[in-house]
Amino acid sequence: QTHARLGPHAPTRARGVAISPTRPLAVASDPEGAGLTLWDLATMRSAGTLMHGPGFGGAVVDIEFSGEGSRFATLSSTGIAAVWEPSGASFTVTYPNGSEPVTSVAMHPDGEHMAVGYSDGRIEYGAVHGEGTGTAQLRGTPIAGLRFDPAGARLFAVDSLGYVELRIGAAG
């Protein structure tokens, strides 16, 4: 079987989806932004719902699991990023740090580090809880996409003007 309806409580129009690389778990967001649904892919049933929490607002437009699958990051349409731990069904940290909205988010393969891109071209990267965070400033245009390579040695960023590779060294 190549497809299945995820159940009677599946969002009618999921806005974002991600699949854990290490276990049979998926996360889907509903289009109105009310929450995230965890799906057990082994049984094709809901494994619970996570609510955005205070201050999130907007629908989730991007979801990415860490390489080892213990955490995932979300980005809302209002420019707020969060890191979630599905086992604890809660978010652990939120961004932005400052007044600029977040425009992109990436989880490091180790699950302990992440990167966020802002509308002013700034990128912050470091530990999920903020320890040892570094910054880079690109050309001043919004960061449209961020991803770590599978080894976590490089962070790739794209903005409206081109493609940039950031080497992060010991930060990740």
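This structure is a prediction, so every number in the text was calculated from the model and none was measured.

Asks: Is there a simple way to think about unusual backbone geometry in this case?
Replies: Across the chain, the bulk of peptide bonds are trans and the bulk of non-glycine residues have phi less than zero. Phi at M44 is positive, roughly 60°, even though this residue is not glycine. Inspection of the secondary structure puts M44 in the loop between β3 (35–40) and β4 (45–51). The exposure class assigned to M44 is partly exposed, which follows from its relative accessible area of 29%.

Asks: How should the nonpolar core be read in this particular structure?
Replies: Nonpolar side chains tend toward joint burial in soluble globular proteins. If you look at the biggest cluster of nonpolar residues, it comprises 13 residues, and the most contacted ones within it are A115, I123, L138, L146, L155 and L166. Counting only elements with at least two residues in this core, the list comes to β11 (122–127), β13 (143–148), β14 (154–159) and β15 (162–167). Apart from the residues lying within four places of it in its own chain, the contact partners of L138 are G121, I123, I143, A157, D159, V164 and L166.

Asks: How should I be thinking about the packing of aromatic side chains in this particular structure?
Replies: The geometry of an aromatic ring pair comes down to the distance between the two centres and the angle between the two planes. Counted by the stated rule, this structure contains two aromatic pairs. A centroid spacing of 5.3 Å and a plane angle of 50° characterise the contact between F65 and F72, whose relative ring orientation is tilted. Owing to a relative accessible area of 7%, F65 belongs among the buried residues under this scheme. F72 gets classed as buried once you look at its relative accessible area, which sits at 0%. Relative to W84, the ring of F72 has its centre 6.3 Å away and its plane inclined at 10°; by these criteria the two rings are stacked. Of the two residues, F72 is situated in strand β6 (residues 72–76) and W84 in strand β7 (residues 81–85); the sequence distance between them amounts to 12 residues.

Cut-offs and rules
- Throughout, a residue's number is its position along its own chain's written sequence, starting from 1.
- Reporting in this predicted model follows two pLDDT cut-offs: at least 70 for local features of residues, and 80 or more for side-chain atom pairs to be given and counted; totals over whole chains, interfaces and linings ignore these cut-offs and use all residues.
- For side-chain calculations, the full set of non-hydrogen atoms in the structure is used, while hydrogens and water are omitted.
- We count a stretch as a helix when DSSP gives it H or I for four or more residues in a row; a strand needs E for two or more, and each element gets its number in order from the N terminus.
- We call a residue buried when its accessible area falls under 20% of the maximum for its residue type, exposed when it is over 50%, and partly exposed in between, using a 1.4 Å probe and counting protein chains only.
- Nonpolar cores were defined as sets of buried Ala, Val, Leu, Ile, Met, Phe, Trp, Tyr and Cys residues, with membership established by side-chain atoms within 4.5 Å.
- A contact between two residues is defined here by any heavy atoms of the two lying within 4.5 Å.
- Here is the rule: rings of Phe, Tyr and Trp (six-membered ring for Trp) pair when centre to centre is within 6.5 Å. Planes less than 30 degrees apart are stacked, more than 60 are edge-to-face, and the remainder are tilted.

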